[in-house]
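# Commentary on secondary and tertiary structure
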Amino acid sequence: MRGVGLSGGVLSTGLLEQEAQAAPPAAPVSGPAAVPITLRINGKSVNTSVEPRETLLDTMRNSLDLTAAKRVCDRGTCGACTIIVSGKVMYSCTMLAIDSQGKEIETLEGISAKNHPIIAAFVANDAQQCGYCTPGFVVASKGFLDKHPNPTYEEVKKGLGGNLCRCGTYMGIRQAVVDAGKQLKGGRNA
Amino acid sequence: MPDYSWPPMEKRRIVGKRTSRLDGPDKASGKAKYPSDLNPPGLLHAVMLTSPHAHARVKTVDIAAAKKFPGVTAIRVISGPGTEVQWAGTEIAIVAATSEAIARDAVALIKVDYEVLPHVVREDDLGKVGNRAKAAGEQVTGDPDAAFKEADAISENLYSIPVITHCCLEPHGQVIAMKGDKVDYWPSTQAVSTVGGDLAKYLEIPASNVHVQMDYMGGGFGGKFPADRWGVESAQLSKESGGRPVKMFLDRETELTIAGVRPSAFANIKIGAKKDGTIIAWQSQSWASGGFGGGGMPPLPYVFNKIPNYRLNHTAVSINAGSARAWRAPNNPQASFLTCSAIDDLAAKLNMDPLDMFLKNVGLTIRPDTYRLQLNKAAEMIEWKKNWRPRGQNKDGYMRRGLGIGISTWGGAGHASKARTTIHPDGSVEVELGSQDIGSGTRTVISMVAAETLGLPISMIKVKIGDNLYPVSGPSGGSTTVGGVSSSTRKAAVNALQKLYDIVGPILNAPPDRLEAVDGKIRMIGNPDKGMSWQQACQKLGVNTITEMGENDTKRTEGLNTGGASGIQMADVSVDIETGVVKMNKLVAVHDCGLVINPKTAESQVLGACIMSVCSALMEERVMDQQTGRVLNADMEFYKLAGIADIGDIVVHMDITPDNDKRGVIGLGEPPAVPGVAAIANAVANAIGVRVPSVPLIPSRVLAALNGRRNA
Amino acid sequence: MQNFEYANPKTIQEATALLGASWSDANLLAGGTDLISLMKEELATPKRVVSLKGIKDLGGIHKSGGGLRIGATVTFDELLENAAVRAEYPSLVEAAHGVSSPQIRNMGTVGGDLCQRPRCWYFRGGEGLLGMKNGKSLIPGGENRYHAIFGNGPAYFVSASSLAPALIALGAKFKLVSASGNREVAADKFFVAPQNETTREIVLAPNEILTEILIPSAKGVKNATYEVRHKEALDWPLATASVALTMKGNSVANARIVLGHVGPVPYSASAAEKWLAGKTITESVADEAGKAAVADAKPLSQNEYKVQLARVAVKRALLEAGGKKA
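Note that the structure is a prediction, hence the values are computed from the model and not measured.

What counts, and at which threshold
One numbering rule holds for all chains: residues counted from 1, following each sequence as written. Just so you know, chain letters begin at A and ligand numbers begin at 1, following the order they were written in. In keeping with the predicted nature of the model, local features appear solely for residues at pLDDT of at least 70, side-chain atom pairs appear and are counted solely at 80 or more, and the whole-chain, interface and lining totals rest on all residues. Values reported for side chains reflect all heavy atoms of the structure, with hydrogen atoms and water molecules removed beforehand. Secondary structure is summarised from DSSP: a helix means a run of H or I of at least four residues, a strand means a run of E of at least two, and numbering begins at the N terminus for each. Buried means the residue's accessible area, taken with a 1.4 Å probe over protein chains only, is under 20% of the maximum for its type, while exposed means over 50%, and partly exposed covers the values in between. The contact definition used throughout considers only heavy atoms, calling two residues in contact when any of these lie within 4.5 Å. The size measure is the radius of gyration over C-alpha atoms, and the globule rule it meets is 2.2 Å times the number of residues to the 0.38 power. Only the protein chains shown count as cover for residues, with accessible areas throughout obtained via the Shrake-Rupley method and a probe of 1.4 Å. Positive charges come from Lys and Arg, negative ones from Asp and Glu, while His and the chain ends are left out of the count. Where a charge lies is defined by one atom per residue type, namely NZ (Lys), CZ (Arg), CG (Asp) and CD (Glu). We call a set of buried Ala, Val, Leu, Ile, Met, Phe, Trp, Tyr and Cys residues a nonpolar core when their side-chain atoms join them within 4.5 Å. Note: pLDDT gives the predictor's confidence per residue, expressed from 0 to 100. Values labelled buried area give the accessible surface lost by two parts on being combined, using a 1.4 Å probe and summing over both. In the analysis that follows, any N or O atom pair within 3.5 Å is treated as a polar contact, provided that within protein one partner can donate a hydrogen and the other can accept it, and provided that, for residues neighboring in sequence, both atoms belong to side chains. The nonpolar class holds Ala, Val, Leu, Ile, Met, Phe, Trp, Tyr, Cys and Pro. Asp, Glu, Lys and Arg form the charged class, and all remaining residues, Gly among them, are polar. The pairing criterion for strands is at least two bridges between them, as found by DSSP. Should a side-chain nitrogen of Lys or Arg be within 4 Å of a carboxyl oxygen of Asp or Glu, the pair is scored as a salt bridge. Only centres within 6.5 Å qualify two rings of Phe, Tyr or Trp (six-membered ring in Trp) as a pair; their planes then separate them into stacked at under 30 degrees, edge-to-face at over 60, and tilted for everything else. Should the NZ of a Lys or the CZ of an Arg lie within 6 Å of a ring centre and within 35 degrees of the ring normal, that charge is described as sitting over the ring.

### Section: the overall build of chain A
A count of helical and extended segments in chain A gives seven helices and six strands. For chain A, the succession of helices and strands along the chain, N to C, is α-β-β-β-α-β-β-β-α-α-α-α-α. For chain A, with 190 residues in total, the buried portion stands at 58%. Restricting the contact set of chain A to residue pairs at least 6 apart, pairs at least 24 apart contribute 56%.

Dropping the structure here:
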């Protein structure tokens, strides 16, 4: 909602250049123009090119056709963009793609390719309506189950506090996670 | 004429059985592609510039710098010089570019000069809105003044419920491509069959030139019927960019600012009853705003609309804020909250159990027997008699527990809908409708009805919806979809089956009207050995197919669907009286909706509606700032929605009975979204001993009420 | 978001060399949970973003002189998983649990929590840190339900940090490093109430990095945090109290009581701290201490309720620290 502002494409770095002469940075600096990056997503290396300002979510959705993660609040609140990075659930709307290199990124596309039981449990318990929050919830649930096998309802409630649904599918989600936990107990297949 | 009526309850094999939604696996695995997920080749992205002022006149719009920005393919001024902007967030200009970031950078280069005009963005204090208030004429029935004199108890209070937004998780928007006067349109919509026509009107092209497709959409709740300015302008941007597809979805701030709201409702209500609890008089002075267009009167007194003596006054208030759109059961949740709060307060004045008060007055409703049954059922589920105490008397340390009641009514008869059923020689079946599944399970319901009718498993039915080339089916609003599509599908399938019987009858040496389709066979009624498999029967079609239409004619529904749903919800809450934080223990919901095709997804509708009510009762409100004229909480951090731990337990009872079943299919999307706010607000009053007159029941308001103040 | 150049240094020294004299030169990126949103709103428009994730020296939790040294990029999750933290600093554990989103706990860092910008909706809406319009603050006459009940302006926002009250109560120190040297700042001196739009709410300079948090031993110090939150799901607290009580037998020898989300800086309730000395924690003592803690509160037009919430938070934190269930 801002009517005037500087364009991001034309950067004035005069001050930085002066300082750079005084104390040359030892670490490489990239951008602001697009730079090639390599991401590890669902066990594969993916090459693409991004401006440093691009979020991982936007890179996945716009450049890699990985559209399971959704852009909803776009401010790290609602969880629709949830992915797993180095084994931990995170909001991909609030990470830079360029800053996500060298980490194992798991998205719902990867989780569903492995037929994780959480997916069938979501279906069986009708833990979805419009389905737009669902991918984020499934990933958050998978990440939660990785750490809390066979959880109770109370643990599920605490464990999924970073995701929001508007249609109101929480009762089904709660049951789905508990059910999937029971299935996973003993024979983890994820 | 064939018999279209639903098979008797006991003979149904699929309809009425709990069935998992068919698109569940695609949604839960992330394979489902929503309009906002589409990335067709050559895709451009559009970003809008919106007004930061709530009321202003546009003086100049300078797009020169933006136009020259590398990567920009087209730019359009939406509100040119002279336009009077009536709310912050009004669309000013739109830019298409090769990436969203470029479009955003270019938008930042547009310079707009405004003449800022005075604004009013709040309606809570009627004394401060000046000439923005427009009173409607007074309505009087009976003699309210005399009746209040006769009353043994009178309760009077000012109640209010604020503006809330739809907050659809997939924002409004579309991918659209316009070449010449032909448009390919992938909107996030509740109206696949009609949204193309809406768009065409603004583009001044024939409606038939717009091809609408949508497999999935991320939530509408009443807010996604029109093509919207951003749809029309994106089409023009596409055209100006050589027909390349343009993607434009609102950002969250804009979504919560201009994409529709539920109007507020404020009411001074005076209500009087006899000693035995019989309500005899009602008087309300209400006001409401849904934005610049004002706000109509909620249906007061709600459900108890046979109160013999009443006087109604209402004032619509126009404010400089984004406009109202239908929001799940328009005006009903507000009316239910206002009415049930007043009745509950009156019961407290009479030292009466509100359950008894509601039961005492069911005669003032249009469905006394239904409400009596539902009140008793809900009371049993929440163990009312065991758990209810008079106001403020259920104490445990600093916690207070309470129960409350809310009520709903709704129409929900099926909309106009056409379906086409095609039976192929290989036995496969297609059902096509220009309908949409907005998350309510429409796809699944259509397959269930077709499968039931044709005696086939659901897996043999291919449902095709989400395309306006299919037969016209109404928008998903007013809880009309399930009645409409189930009836049209039923009729199309019956018609197609008749054609198959006509072919198979002579071969089986049986009159076609003596055949039935059961368990994948066509056989003679009463003589199951005389028949052939579905596959064999279809092979007899040779190279032909059977294609038959079915139509739900809203004036003649032939008993397949009807309107008129009732519901009761009861809430059990605990309130921390030191912090004012309200905790949901339980919400029970009893609803009837005639013949229930899929109890599983029907229950999901009720559960979801209950959760929305928890949000509205405890958290949700749009916060407008009179100084800046803007929405302060157009984000998902301070526009608060309940999370998974905030809802307590919810128990649903669908009134599935032979009597209800006989009525036919009734829509369910809206009725359960009505009573929850009232039930929760009443439960809080019961818990803490005083009325918190304004929802949401945030800590500040709960504590203010406990401290004897009206406002925080 | 405006574009920027990105650097990913491996050492603190490399990182400090990449910083500039002004906030518009370079910003530090750790968990990103605040910076990315600020950049999307163009409230932060740095020419360079320096990622701290690759700097090993900024991570880890180690014993140090009887206390703990917590690296600035330690995440909330790592903090919660740490046995030493769990054993000795329940007030930190409770404060970290108050961030009820696992995603934020996995991303958000201790340093980021301390350096995050206020959530004031006028500030986030582009009205400036103090929300000044025509020389007058928008907040006293505006929508101030979430704003400060302590302080006399012109800053009415509340400090957003979840961990600061506990760290201040525990007597923590923060280490700040720049290309020209190091300094240590007491936790309570790290936060300042800005007097104009151009100053910040923390003393960290644009060319400095908050590298570590040093917490003294809390052996024998009973500590607890109580947060009043509206929602169970991710939500900002309405009021927080962290207490640390050095005991002498059954009575309090020395008390630290620090309130969060009630003022532009975490509020040290010194009157209540003094009053509590020599007392045994009982329900009524805790209640009185709560009252004393908010005696100087000056609520705005819509936030008087926060005075009560702060009072209750102090009471409940004290009862919890004292081993009495709140």
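The rest of the description comes next.
### What about the overall build of chain C?
On a plain count of helices and strands, chain C comes out with 13 helices and 14 strands. For 326 residues, the compact-globule estimate of 2.2 N^0.38 gives 20 Å, and the C-alpha radius of gyration of chain C, at 19 Å, lies within 12% of that figure. In terms of its C-alpha atoms, chain C occupies a principal-axis envelope of roughly 55 × 50 × 35 Å. Counting only residues that meet the buried cut, chain C has 63% of its 326 residues in that class. Residue pairs at least 24 apart in sequence account for 65% of intrachain contacts in chain C once pairs closer than 6 positions are excluded. Summed over all atoms, the accessible surface of chain C reaches about 11,000 Å², with 50% contributed by carbon and sulfur. Counting 37 positive and 31 negative side-chain charges, chain C places the centres of these two groups 3 Å from one another.

### Section: the nonpolar core
In terms of nonpolar packing, the biggest core is built from 156 residues, with B:Met570, B:Ile680 and B:Leu697 touching the most fellow members. By residue number, the principal contributor to this core is helix α15 (residues 599-618) of chain B, which donates ten residues. Those residues in contact with B:Leu697, other than ones at most four positions away along the chain, are B:Val582, B:Ala617, B:Leu618, B:Ile680, B:Ala681, B:Val684, B:Val692, B:Val702 and C:His230.

### Notes on the confidence of the model for chain A
Per-chain confidence: chain A averages 87 in pLDDT, with 83% of residues scoring 70 or above. Taken as a whole, residues 1-25 of chain A scores under 50 in pLDDT and shows 46 contacts with residues more than four places along the chain or in a different chain.

### Here's the deal with the interface of chain A and chain C
With 47 residues of chain A at the contact, the number on the chain C side is 43 residues. Summed over both partners, the interface of chain A with chain C comes to about 3,700 Å²; 55% of that surface belongs to carbon and sulfur atoms. For the pair chain A and chain C, the interface holds 17 residue pairs in polar contact (both at pLDDT 80 or more). When contributions to the side of chain A that touches chain C are tallied by element, the ones reaching two or more residues are α1 (14-22), β1 (29-30), β5 (88-91), α5 (134-147) and α6 (153-159) of chain A. Among the elements that make up the side of chain A that touches chain C, the one with the highest residue count is β5(A) (four residues). Class assignment of the residues belonging to the side of chain A that touches chain C gives a composition of 21 nonpolar, 15 polar and eleven charged. Here β1(A) runs beside strand β1 (residues 5-7) of chain C; their pairing, made up of two bridges, is antiparallel. What sits directly across from A:Ser30, in β1(C), is C:Tyr6.

### Looking at the interface of chain A and chain B
How big an interface is tends to be expressed through the accessible area that disappears when the partners come together. Contacts between chain A and chain B engage 51 residues on the former and 70 residues on the latter. Interface of chain A and chain B: buried area, both sides summed, is about 4,800 Å²; carbon and sulfur atoms make up 55% of it. Here chain A is connected to chain B by eight salt bridges. Among the salt bridges present, the one from A:Asp126 reaches B:Arg21, with a minimum N-O distance of 2.6 Å. Where chain A meets chain B, there are 29 residue pairs in polar contact (both at pLDDT 80 or more). Of all the secondary-structure elements, those providing two or more residues to the side of chain A that touches chain B are α2 (56-63), α3 (108-113), α4 (117-124), α5, α6 and α7 (170-184) of chain A. When the residues that make up the side of chain A that touches chain B are grouped by side-chain class, the tally is 25 nonpolar, 15 polar and eleven charged.

### Side note on unusual backbone geometry
All names here are of chain B. With an omega of 0°, the peptide bond running from valine 695 to proline 696 counts as cis. Mapped onto the fold, proline 696 is located in the loop between α17 (676-688) and α18 (699-706). Phi at cysteine 167 takes a positive value of approximately 50°, unusual for a residue other than glycine. As for its position among the elements, cysteine 167 is in the loop between β10 (164-165) and β11 (173-179). A residue is classified by how much of its surface remains accessible, and cysteine 167, at 2% relative accessible area, is buried. In this structure, glutamate 558 is a non-glycine residue whose phi angle is positive, near 50°. Within the secondary structure, glutamate 558 is located in the loop between β27 (546-552) and β28 (565-576).

### A look at the packing of aromatic side chains
Enumeration according to the criterion identifies twelve aromatic pairs over all chains in this entry. Consider the rings of A:Phe137 and A:Tyr170, whose centres lie 6.0 Å apart with planes at 65°: the pair is edge-to-face. Remark: A:Tyr170 occurs in helix α7 and A:Phe137 occurs in helix α5; sequence separation between them is 33 residues. For the pair formed by A:Phe137 and A:Tyr170, the shared burial category is buried. Taken together, the aromatic side chains of A:Tyr132, B:Tyr34 and B:Tyr216 make up a single cluster linked through ring pairs. A cation sits over an aromatic face here: C:Lys279 above C:Trp275, 4.2 Å from the ring centre. Against the face of B:Tyr398 rests C:Arg316, its NZ or CZ located 3.7 Å from the ring centre.

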